[in-house]
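This is what each chain is made of:
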Amino acid sequence: MKIHEFQAKELLAAAGASVPRGLVVSSAADALSAFDKLGGPVVLKAQVHAGGRGKGRFKDSGADFGGVKFIKNREDVGKVADVMFKFPLVTKQTGADGQKVSKILVQEAADIAREIYIGMVLDRTIGMPILMACAEGGVEIEEVAAKTPEKILKVPVSPETGLLAFQARRLAFELGFTGEQVGQAEKIMMALSKVFLEKDCSLAEINPLVVSPKGEVIVLDAKITFDDNALFRHPDVEKLLDESEENPAELRAARAGLSFISLNGNIGCLVNGAGLAMSTMDIIKYHGGEPANFLDVGGGANKDQVTEALRILLGDPNVKAVLINIFGGIMKCDTIANAVVAAFKEVQPKVPFVVRLEGTNVGEGRRILQESGLNLATATDLTDAAKKVVAAAK
Ligand code: ADP
Ligand code: MG
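Keep in mind that what you see is a predicted model, and the values were worked out from it rather than measured.

Parameters at a glance
Counting restarts for each chain: residues are numbered from 1 in the order of the written sequence. To label them, take the chains in the order written and letter them from A, then take the ligands in the order written and number them from 1. For a predicted model such as this one, the threshold for reporting local features is a pLDDT of at least 70, and the threshold for listing and counting side-chain atom pairs is 80 or more; totals across whole chains, interfaces and linings nevertheless cover every residue. With hydrogens and water set aside, each side-chain value is computed from the structure's full complement of heavy atoms. To obtain an axis, a line is fitted to C-alpha atoms, over the contacting stretch when the element is a helix, and the angle between two such axes runs from 0 to 180 degrees between their N-to-C directions. Strands here mean DSSP runs of E at least two residues long; helices mean DSSP runs of H or I at least four residues long; both are numbered from the N terminus. Each angle receives one of four descriptions, namely roughly parallel if under 35 degrees, roughly antiparallel if over 145, roughly perpendicular if within 65 to 115, and oblique otherwise. Should the near helix be turned anticlockwise from the far one by less than a right angle, the crossing is termed left-handed; should it be turned clockwise, right-handed. Contact definition: two residues touch when any of their heavy atoms are within 4.5 Å. Just so you know the grouping, Ala, Val, Leu, Ile, Met, Phe, Trp, Tyr, Cys and Pro go in nonpolar, Asp, Glu, Lys and Arg go in charged, and all remaining residues, Gly too, go in polar. Buried residues are those whose accessible area, probed at 1.4 Å on protein chains only, stays under 20% of the maximum for their type, while exposed residues exceed 50% and partly exposed ones sit between those limits. Following DSSP output, two strands are said to pair if at least two bridges run between them. Whether a crossover is right-handed depends on one test, that the path from the first strand over the helix to the second runs clockwise when the strands point away from the viewer. Any Lys or Arg side-chain nitrogen located within 4 Å of an Asp or Glu carboxyl oxygen qualifies as a salt bridge. Here a residue is near a molecule or strand as soon as one of its heavy atoms is found within 4 Å of it. Polar contact criterion, stated in full: a pair of N or O atoms within 3.5 Å, where within protein one must be able to donate a hydrogen and the other to accept it, and residues adjacent in sequence count only if both atoms are side-chain atoms. Think of a 1 Å grid over the protein atoms and nothing else: a 1.4 Å probe that fits but is trapped marks a cavity, an open set flanked by protein within 12 Å on at least five of seven lines marks a pocket, and residues with an atom within 4 Å of a point count as lining. More than half of a molecule's atoms lying within 2 Å of a cavity's or pocket's grid points is what places that molecule inside it.

A. Geometry of the packing of helix α2 (residues 28-38) against helix α3 (residues 74-86). Across the interface, α2 lies against α3 with an axial gap of 9 Å and an inter-helix angle of 140 degrees. On the basis of their axis angle, the class for α2 and α3 is oblique. The handedness of the crossing between α2 and α3 comes out as right-handed. Between α2 and α3, the contacting residues are Ala28, Ala31, Leu32, Phe35 and Asp36 on the first element and Arg74, Val77, Gly78, Ala81, Asp82 and Phe85 on the second. Grouping the constituent residues of the contact of α2 with α3 by class yields seven nonpolar, one polar and three charged.

Set out below in structure tokens:
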């Protein structure tokens, strides 16, 4: 689960990091009063769940700025906020349609002497979280990582102890902080580690962490992603979800307990088990088709979940055929066949369906499908299923 920059900063501030003053607004009029309250140059920052906002552009707006705009004069606030609210913001991470902006963070402008990157992620190779840092922070960190990976410093962080003070201090020196900045940087790194570990994050990054000409160290941009599997432990975090930023089909699926990801193809897939779902997508592609989604209904899906899954699949106008691929292990084939029949009667799909069932009670499952009189093609194995559904989609 992702959250907005302003929310990430609130979590970091609560853990002891210093962040600039800012106000979140939903209208141009409120942006103007935020400017007055903060009194002075501000930066308007479009709040979307995507990075690269600074270098992005507002689609079809003709405006020459992106989602991060420095504003000195009061009369420019309204004009800029209007563009931000009216046109979708396109960045490297949003896709070509861009993302609608419904909130703007009006933040006091900072004087910047240096921009630094710090971030925490899980390092799967060593099986531990790591704190990464780079003295060349800012908007091009991905490029630094690709071209000069040796410039990225890495410190393993024990989940039991969190980042230790000596680790933070050493990193601060390596990043070139001097004098009083060292303590400030250390405090921010400790806050980052605390939030990452306590809130079960999969990513927590500050980019840029800036040093002002006066030597203050400030969190200018922050991004946090939480591990969905641990959200049940954090009702406070779940409340931070901004549903308007989520793909509606994915949100609906999550509510039904389905694991669903939208893709660009035209073959809907309803599968049980993540591994089988992956191989189903692979074999569809192998036979020349393109999956419209990844969908794992899980090991114990019931009729309601299968019905909801079919509704979600068929709600995608690009879906021209559907493959139901079920291996009856924990869930028996007759149970899933009954669920499919019931779901069909309710949803009444107009596109061709191919069903491949295998596993416990498969004979009974196939009989139920055959006797249902529904317009379903059955397949004997995975290859047969993939060929049939690819042909049907064409
Ligand atoms: P993104 O990473 O999505 O592009 P950032 O918040 O990192 O968004 O902003 C991009 C750049 O804009 C920063 O690297 C920094 O140079 C500048 N910037 C962001 N916020 C401020 C601010 N409050 N004051 C001055 N400059 C800022
Ligand atoms: Mg940034």
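B. Representation of the pairing of strand β17 (residues 353-359) in the model. Of all seven residues in β17, five are buried, a share of seventy percent or more. Where strand β16 (residues 321-328) lies against β17, seven bridges are found, and the strand directions are parallel. Paired with Phe327 across the strands is Glu358, a residue of β17. Following the chain from β16 across helix α11 (residues 333-347) to the adjacent parallel β17, one finds a crossover that is right-handed.

C. Focus on the pattern of salt bridges. For the coordinates displayed, the defined rule picks out 24 salt bridges. Its salt-bridge partner being Arg53, residue Asp221 comes within 3.1 Å of it at the nearest N-O pair. Taken together, the positions of Asp221 in the loop between β11 (217-219) and β12 (222-226) and Arg53 in the loop between β2 (42-46) and β3 (57-58) put the pair 168 residues apart, joining distant regions of the chain. What makes Arg53 buried here is its relative accessible area of 6%. Between Arg311 and Glu346 there is a salt bridge whose closest N-O contact spans 2.5 Å. Within this pair, whereas Arg311 is found in helix α10 (residues 303-314), its partner Glu346 is found in helix α11, the two being separated by 35 residues in sequence. With a relative accessible area of 31%, Arg311 lands in the partly exposed category. Owing to a relative accessible area of 45%, Glu346 belongs among the partly exposed residues under this scheme. What you see here is one network of salt bridges that share partners, running through Glu5, Lys9, Lys45, Arg53 and Asp221.

D. Molecular detail of the site of ligand 1. For ligand 1, the set of nearby residues contains 18 residues, the closest of which are Lys45, Arg53, Gly54, Ala110 and Glu115. For ligand 1, an oxygen atom lies 2.7 Å from a polar atom in the side chain of Lys45. Measuring from an oxygen atom of ligand 1, one finds a side-chain N or O atom of Arg53 at 2.8 Å. Because more than half of its atoms lie within 2 Å of the grid, ligand 1 is assigned to the second largest pocket.

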